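# Commentary on secondary and tertiary structure
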Amino acid sequence: MPEVVELPESNLFNVFNILLLENKHRLVKQLKECYEPNVHGHKTWASSFLLMDYFQTHNVLKRSSDVLELGCGWGAASIYCAKNGANSVTGLDIDENVFPYLNTQAALNGCKIKSMTKSYDKLSPKQLEKFNLIIGADICFWDDLAEMLEKMFQRAFKAGVKRIILADPGRQPFLDLAEKCNAFAKVDLREWYVCDPEYYDGYILDIKPGKATSSK
Ligand SMILES: C[S@@+](CC[C@H](N)C(=O)[O-])C[C@H]1O[C@@H](n2cnc3c(N)ncnc32)[C@H](O)[C@@H]1O
């Protein structure tokens, strides 16, 4: 069972031993006056909690993990990785206005996340080869994002990335992406739920390079 941690002030919440800001926190209200995320990066999405639970259950993070979080938003999953033994963590987002929120939450948790303002389709093999684990929470919500991510995953595996793990509530573009990845990778798509900070369910897509071998 998780340890009971006393919160230092109101409008914070603790999930998997990291502290996150509620939208009504005074710092969020101040940040919103200056930075307005505009591609849905305006809060921490629950798929991040599915990822944390999956990482914990499957002991995913290693001391050698160089993690790239796609569409990091406020960076909850990145912060979890940094606090749970990853060697390095980089948050990537197309929207530069999410990074002040990510940096504030990282500071709250005493960790450092590198940031990269970029779209998935602009990630080059040279940039991708620096990472061995790519993660993302609720990042595939339009058909063109599914197409972009499919191509990017192929480039990532060619560049040496060892594992890609996404979480999603189960939107159709995400399910389509999982199907498309079957053509070039070993795909494990499973339903997942988490009870912290409250009950959420969705899907985890865990993919590794190489074609799945037929059991026949
Ligand atoms: C629904 S939010 C999820 C944010 C975060 N992963 C979470 O779970 O709280 C989707 C994020 O993807 C980012 N995004 C959307 N399209 C993108 C693209 N083409 N390249 C990089 N980031 C993108 C948005 O700016 C936003 O921060």
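Residues numbered from 1 in each chain as written. Predicted model: local features only at pLDDT ≥ 70, side-chain atom pairs only at ≥ 80, totals over all residues.

We now examine the overall build of the protein. The helix and strand inventory of the protein stands at seven helices and nine strands. By the compact-globule yardstick of 17 Å for 216 residues, the protein fits well, its C-alpha radius of gyration being 17 Å. Oriented by its inertia axes, the alpha-carbon framework of the protein measures out at about 55 × 40 × 35 Å. Relative to its 216 residues, the protein shows a buried fraction of 39%. For the protein, contacts bridging at least 24 residues in sequence account for 71% of all contacts bridging at least 6. (Helix = DSSP H or I, 4+ residues; strand = E, 2+ residues; numbered from the N terminus. Rg over C-alpha atoms; globule rule 2.2 N^0.38 Å. Buried ≥ 20, exposed ≤ 12 C-beta atoms within 10 Å, placed from the backbone. Contact = placed C-beta atoms within 7 Å.)

Glancing now at the site of the ligand. In the neighbourhood of the ligand, 21 residues make up the surrounding shell, with V39, G41, G71, G73 and A137 lying closest. The class makeup of the residues in the shell around the ligand is 10 nonpolar, eight polar and three charged. (Near = placed C-beta within 6 Å. Nonpolar A, V, L, I, M, F, W, Y, C, P; charged D, E, K, R; others polar.)

What follows covers the nonpolar core. Of all hydrophobic cores here, the largest spans 63 residues; its most connected members are L51, Y80, I134 and F153. Element by element, the count of residues in this core is highest for helix α6 (residues 143-158), at seven residues. Among residues more than four places away in sequence, those in contact with Y80 are F16, I18, M52 and F55. (Core = buried A, V, L, I, M, F, W, Y, C linked by C-beta atoms within 7 Å.)

Interhelical geometry of helix α2 (residues 47-58) versus helix α3 (residues 76-83) gives an angle of 25 degrees and a closest axis separation of 9 Å. Put simply, α2 runs roughly parallel to α3. For the crossing formed where α2 meets α3, the hand is right-handed. Together, S48, L51, M52 and F55 of α2 and A76, A77 and Y80 of α3 make up the contact between the two elements. By residue class, the composition of the contact of α2 with α3 is six nonpolar, one polar and no charged. (Axes fitted to C-alpha atoms, helices over the stretch in contact; angles between N-to-C directions. Parallel < 35°, antiparallel > 145°, perpendicular 65-115°, else oblique. Left-handed = near helix turned anticlockwise from the far one by under 90°.)

Further remarks concern the pairing of strand β7 (residues 163-168). Of all the six residues making up β7, five are buried; the element is thus mostly covered by neighbouring parts of the structure. Where strand β6 (residues 133-137) and β7 come together, five bridges link them in parallel fashion. When the sheet's bridge partners are listed, A137 is paired in β7 with A167. For β7 and strand β9 (residues 200-209), the ladder comprises five bridges, and the chain directions are antiparallel. Of the residues in β9, the one forming a bridge with L166 is L205. (Pairing = 2+ DSSP bridges.)

Before going further, it helps to spend a moment on the environment of Q105. Relative to the helices and strands, Q105 resides in helix α4 (residues 99-108). Through-space distance from the C-alpha of Q105 to that of G210 is 36 Å; in sequence the pair is 105 residues apart. Contacts of Q105, omitting those with residues within four sequence positions, involve L20, L21, W74, G75 and I79.

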